[in-house]
Amino acid sequence: MPLTTVTNPVKAGSRYLSGNDAAAEGAIAAGCRFYGGYPITPSSEIMEYMSREMVPRGGAFLQMEDEIASISSVVGASWSGAKAMTATSGPGLSLMQECLGYAAFTETPVVVVDVQRAGPCTGQATKVGAGDIMAVKWGSHGDYQVVALSPWSVQEMFSLTVEAFNLSERLRVPAFLLAEEATGHLRERVDLPETIEIYNRDYTPGQPVFGCAEADGIPSMPCFGAGEKLMVTGSTHDQWGFRKTEGPEFHDRLVRRLSRKVLDRKAEICRHEGYYLDDAEVVVVAYGFTARSALRAVRQARQDGMAVGLLRLITIWPFDGELISRVAQGARGFLVPEMNLGQVDGLVRSAAGDTPVKSLTQVNGSTISPASILAALGEMR
Amino acid sequence: MARSMEKYLRPEVKTTPFCPGCGHGVLMGALLRAMDQLQLDMEKTVFVSGIGCAAWIPSPNFAADTLHTLHGRAVAFASGVKAANPDLKVIVISGDGDLTSIGGNHLIHAARRNQELTVICANNMIYGMTGGQMAPTTPQGHLTATSVQGNPYRAFDLVKLVKGAGAPYVARGSVVRPYDLIGYLKKAIASPDFAFVEVLSPCPTQYGRRNKLDSPGAMYDRLGQLCRTEAGNDPACFPPEDALLLGEFND
C-alpha cells in the first residue's frame, strides 16, 4: 500500500521547537530527500535546517540562484524519484508561479512552505501577513488546482507538512503549507509521534503516466531511470506525454481532469475543526494564527453570554464551500477575521447564502488580537 | 537519420519538426553518433530542454527520459534531476535565447557550481520559433523582426561567458563541421564536470531570409567560410571572428 506507517526519523516525544524547524522536521519525517531553495525572510530557517540534514539523511540540498530556479530544481528532483520541497515567502512565491503551473500541469508532486509576510511586494519582510491565500491558488496562468493547508501551531507546522507531502504524492499536485511569520517564528511545546503515516507515490510499470480512463483519475507516477522513456512536457500532452499542441479534445480533457482529480476528492482532503458550533448563532471562520486569537475571543464571548462558535479551516484549498453552506443554515451571521483585505471572506460569502458575513481585516504587520475579534463580535450581538 | 541511429529514436516519431535547411537536424545526428560511440546507457540518461526549436531535438524524439521544461529553466530543472539521482547522466539541449537570455542566470550559476551536467546550446543567433526576433547572440548590425534597422547591441560570446563562470569544459562547434562537433560532444558528455558546447546552427527561415542569405545552401556556405579553427586577425570579418572560432577552450 502506498500509505505506510514508519518510525518517525526525527526525535519523538515532547520537544520545544520553532515553527520553521518543526516544518523542516515534518518534511524529513514525510520522507523528503531533496531541498532546493533561495534565502528569504521569514522562511530561511527551514532552508538552513535542510542544508544541515539532507545529505546526512541520504538526500540532496541545492542553494539555487533564485526562486524560480529553486522550484524548477524541486520539480526535476521529484521526477528523479525524490520527495522534494522548497520554502519561501511572498516575493519568492511570486517568482515561482510559472513553475508552479508547470508542476500542476505535469502532475509533479512538490511541497512549498510559504511563510507569509506582510505584502504586497517587498512589504514588511519581518512582519506577519496572510495575503497569499489567492496567490497560491491563482498565481499561475490557466485553470488548475492545488492543495493548501493552514497551520495554527508549531505542532501543525510539523503534522501539516507531513500531510502536505502525503497529499501531494497521492494526488500528484503542488501542495502548500500556508504558514505565517507568526507561526514560523513561534516557539512552543510539541509532541512528536513515535510512528508516522507517510504516502509513497503509486507506480505501476507500463501504465500511462499522464492520463487514465477516469475523468478524475490520478495516473501512475514512475521516475527517471526506471526504463519508462518518460516524456514530461509543459505543453498539452496525451496520456503518454506526447505533445498535442493542437486538437481541442486533448486540452479540454487534460485541464478538466487536473481540476476534477482534486475537486472530486474534497471529502477526503478537506479538514476543519469546530468549537462551540452546536448552538452557535454567530460563527467565526478563521484559519492560521488568527484562529488562536479567534478561539480566545469566542471563549470570552461565551462567558459574556453570546452564542458564538469557531470554525477553524485547516484546508484552505480546495475550499470547502459545502461546509460553509451547512454551517450557515444554523447561523445568523459569520465573522471572518484575516490578516489581509478579505481573501477568505469572499469565499465564505460565496457559500453563505442569505447568512450575513462580516469581514474583519488587518494589514498592519501584526497579528489580530482577541480583543479586536471580541469587539467585532460585540457589534454582531 | 541513418538507420543505425534509429534505435535511439522513438518509433512513433516519423519526422523531425525542423524547417528545411535548419541546422538542428545535423546537431541531432551528431549528438546521436556521439552517444552511440560512447555506448551511453539511454535508460540512465535524461535529456532536459527548455522552450524553442532546439528544445525539440530530444523531446519527444529520443527514446529516453525527456524533460521538456519552461522557457529558460532547463538547466535549473536539470540541477535537481542530477542532485536527486547522481547515477543519471543529464544532458541539457536548448537554444541560445532559452539558455542565455531568459535562462542566462541559471546557465552561469550552474557553471559556477560545477555540477556534472552537459549543456549543449544550439546557437542560431535568433528567436526562431517565435518568428525571428533579436537574441542576445544576434551579431551587431544584423536584421531581425525586432531590429529592422540592425541590431544595435553586441552579441554574447558564449564561450567566454560560460568559461568566465567557471565551466571546466567549454567548446564551440558548428554543424558545418560535424565530425569535430561529434568529438566535442563526446568529451562533454564523458566529462565528470559541468561541460558546455555551443553549436553554431543556421536558421534559414528566420535569420537567412532577413540577412541576404536566402537559401539554406547560401547560409551553410557562408557559415563554412566564416568558421575558423585558429584565431585570425581579419578586421573585416563580420560578425567578429572570435564568435566564430571553433574548438575547445580549456586551460
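As the structure is a prediction and not an experimental result, all values here were calculated from the model.

A. How the structure looks around the overall build of chain B. When helices and strands are tallied, chain B shows seven helices and seven strands. In chain B, the succession of α and β elements from N to C terminus is α-β-β-α-β-α-α-β-α-β-α-β-α-β. Relative to a compact globule of 251 residues, whose C-alpha radius of gyration would be 18 Å, chain B shows 17 Å and is just as compact. Viewed in the frame of its principal axes, chain B has a C-alpha envelope of about 50 × 40 × 30 Å. Relative to its 251 residues, chain B shows a buried fraction of 58%. Taking as baseline every contact in chain B between residues at least 6 positions apart, the subset at least 24 positions apart corresponds to 67%. If you sum the accessible surface of chain B, you get close to 9,900 Å²; carbon and sulfur atoms cover 53% of it.

B. View of the packing of helix H1 (residues 24-38) of chain B against helix H6 (residues 178-190) of chain B. All names here are of chain B. Where H1 contacts H6, the two axes come as close as 8 Å, and the packing angle between them is 55°. Taken together, the axes of H1 and H6 lie oblique to each other. Classified by chirality, the crossing of H6 by H1 is right-handed. In contact with Val-26, Leu-27, Ala-30, Leu-31, Arg-33, Ala-34, Met-35, Gln-37 and Leu-38 of H1, H6 contributes Pro-178, Leu-181, Ile-182, Leu-185, Lys-186, Ile-189 and Ala-190. Taken together, the residues that form the contact of H1 with H6 break down as 13 nonpolar, one polar and two charged.

C. Region of interest: the nonpolar core. By size, the foremost hydrophobic cluster in this structure holds 158 residues, and its most contacted members are Ile46(A), Met50(A), Trp79(A), Met85(A), Phe334(A) and Phe194(B). With nine residues, helix H6 (residues 154-171) of chain A is the single largest residue contributor to this core. Domain assignment of the residues forming this core places at least three in each of domain 1 (3-199) and domain 2 (273-378) of chain A. With residues up to four places along the chain from it excluded, the contact list for Met50(A) reads Ala24(A), Ala27(A), Ile28(A), Cys32(A), Tyr35(A), Phe61(A) and Met85(A). With 35 residues, the next largest nonpolar core counts Leu9(B), Ala122(B), Tyr169(B) and Leu185(B) among its residues.

D. Quick peek at the domain arrangement of chain A. Residues and elements named next belong to chain A. What the domain assignment lists for chain A is domain 1 (3-199) and domain 2 (273-378). Here domain 1 and domain 2 have C-alpha centroids that lie 26 Å from each other. The interface of domain 1 with domain 2 comprises 29 residues on the first partner and 24 residues on the second. Both sides of the domain 1 and domain 2 interface together cover about 2,000 Å² of buried area, and 62% of this is carbon and sulfur. In terms of surface lost to domain 2, no three residues of domain 1 exceed Ile-133, Ser-150 and Trp-152, which account for 34% of the buried area on that side. Put simply, domain 1 and domain 2 have two salt bridges between them.

E. How the structure looks around the side chain of Thr100(B). Residues and elements named next belong to chain B. For Thr-100, the location among the structural elements is in helix H3 (residues 96-102). Taking relative accessible area as the criterion, Thr-100 reaches 3% and is therefore assigned buried. Within the structure, the side chain of Thr-100 is placed 2.6 Å from the backbone oxygen of Asp-96, a separation counted as a polar contact. Excluding residues that lie within four positions of it along the chain, Thr-100 makes contacts with Leu-107, Cys-121, Pro-136, Thr-137, Phe-156 and Leu-158.

F. How the structure looks around the interface of chain A and chain B. Between chain A and chain B, the residue contacts involve 34 residues of the former and 33 residues of the latter. Buried surface at the junction of chain A and chain B, summed over both partners, amounts to about 2,700 Å²; 60% is from carbon and sulfur atoms. For the salt bridge of Arg113(B) with Glu65(A), the shortest nitrogen-to-oxygen distance reads 2.8 Å. In this assembly, chain A and chain B are joined by 17 residue pairs in polar contact (both at pLDDT 80 or more).

G. Examining the side chain of Thr106(A) more closely. Residue and element names in this part refer to chain A. Examined against the element boundaries, Thr-106 turns out to sit in the loop between helix H4 (90-105) and strand E6 (110-118). Residue class for Thr-106 comes out buried when judged on its relative accessible area of 0%. Polar contacts involving the side chain of Thr-106 include one to the main-chain carbonyl oxygen of Tyr-102, which spans 2.6 Å. In this structure the side chain of Thr-106 is engaged in a polar contact, spanning 2.7 Å, whose partner is the side chain of Thr-108. Sequence-distant contacts of Thr-106, defined by excluding residues within four places in its chain, comprise Trp-79, Arg-172, Phe-210, Val-232, Thr-233 and Gly-234.

H. Just H1(B), in detail. Residue and element names in this part refer to chain B. Helix length check: H1 (15 residues) gives 21 Å between terminal C-alpha atoms against 21 Å at 1.5 Å per residue, within 8%. Of all the positions in H1, only His-24, Leu-27, Met-28, Gly-29, Ala-30, Leu-31, Leu-32, Ala-34, Met-35 and Asp-36 are classed as buried. Contact partners of the buried residues in H1: strand E1 (45-49), strand E3 (89-95), strand E4 (118-123), H6 and strand E6 (195-200).

I. Local environment of the sheet that holds strand E18 (residues 357-361) of chain A. Residue and element names in this part refer to chain A. As summarised here, the arrangement of the five strands in space is E13-E15-E14-E17-E18, forming an open sheet in which the pairing is mixed. Because the sheet does not close on itself, it has two edges, and the strands there are strand E13 (272-275) and E18. Each adjacent strand pair in this sheet contributes to an overall mean axis angle of 20°, direction not counted. Here four bridges tie E13 to strand E15 (residues 308-313), and the two strands are oriented antiparallel to one another.

J. Just the sheet that holds strand E7 (residues 247-248) of chain B, in detail. Taking strand neighbours across the sheet as the criterion, the eight strands line up as E12(A)-E2(B)-E1(B)-E3(B)-E4(B)-E6(B)-E5(B)-E7(B) in an open arrangement whose pairing is mixed. A strand with exactly one partner marks an edge of an open sheet, and here the two such strands are strand E12 (231-233) of chain A together with E7 of chain B. Bridge count between E3(B) and E4(B): five bridges; the pairing is parallel. If you follow Gly95(B) over to E4(B), its bridge partner there is Ala122(B). Its contacts with the sheet put H1(B) on E1, E3, E4 and E6 of chain B, and the angle it makes with E4(B) is roughly 155°.

K. Seen up close, unusual backbone geometry. Residues and elements named next belong to chain A. A cis amide bond links Thr-41 with the next residue in sequence, Pro-42, at an omega value of 5°. One can find Pro-42 in the loop between strand E3 (32-37) and helix H2 (44-53). The step from Gly-119 to Pro-120 runs through a cis peptide bond, and the omega angle for that step is 5°. Structurally, the position occupied by Pro-120 is in the loop between E6 and strand E7 (124-128). Here the phi dihedral of Glu-107 falls at roughly 55°; this positive angle occurs in a residue that is not glycine. You can see Glu-107 is positioned in the loop between H4 and E6. Of note, the phi angle at Lys-229 is positive, near 50°, even though the residue is not glycine.

What counts and what doesn't
In every chain, residue numbers begin from 1 and rise along the written sequence. Lettering of chains starts at A and numbering of ligands starts at 1, both following the order in which they are written. A pLDDT threshold of at least 70 governs which residues receive local features in this predicted model, and a stricter bar of 80 or more applies before side-chain atom pairs are shown or counted, although totals over entire chains, interfaces and linings include all residues. Just so you know, side-chain values use all the structure's heavy atoms and leave hydrogens and water out. The helix and strand labels rest on DSSP assignments: H or I over at least four residues marks a helix, E over at least two residues marks a strand, and numbering proceeds from the N terminus. To get the radius of gyration, use the C-alpha atoms; to get the globule rule, take the number of residues to the power 0.38 and multiply by 2.2 Å. We call a residue buried when its accessible area falls under 20% of the maximum for its residue type, exposed when it is over 50%, and partly exposed in between, using a 1.4 Å probe and counting protein chains only. By the convention used here, residues are in contact when the closest approach between their heavy atoms is within 4.5 Å. For accessible areas, the Shrake-Rupley method is used with a probe of radius 1.4 Å. Any residue's cover is judged against the shown protein chains and nothing else. Here the axes come from fitting lines to C-alpha atoms, over the contacting stretch only for helices, and the angles between their N-to-C directions go from 0 to 180 degrees. By definition in this entry, angles of less than 35 degrees are roughly parallel, angles greater than 145 are roughly antiparallel, angles of 65 to 115 are roughly perpendicular, and the rest are oblique. Crossings are assigned a handedness: left-handed for a near helix turned anticlockwise from the far helix by less than a right angle, right-handed for a clockwise turn. Residue type decides the class: Asp, Glu, Lys and Arg count as charged, Ala, Val, Leu, Ile, Met, Phe, Trp, Tyr, Cys and Pro as nonpolar, and the leftover types, Gly among them, as polar. As used in this record, nonpolar core signifies buried Ala, Val, Leu, Ile, Met, Phe, Trp, Tyr and Cys residues forming a set joined through side-chain atoms within 4.5 Å. Boundary definitions for the domains trace back to an automatic or database domain assignment. Note on terms: buried area is the combined drop in 1.4 Å-probe accessible area of two parts once they are placed together, counting the loss on both. For salt bridges, the criterion is a side-chain nitrogen of Lys or Arg within 4 Å of an Asp or Glu carboxyl oxygen. We define a polar contact as two N or O atoms separated by no more than 3.5 Å, with the added condition that, inside protein, one atom must be a possible hydrogen donor and the other a possible acceptor, whereas residues neighbouring each other in sequence contribute only through side-chain atom pairs. Expected helix span is computed as 1.5 Å times (number of residues minus one). Strand pairing is defined by DSSP finding a minimum of two bridges between the two strands.

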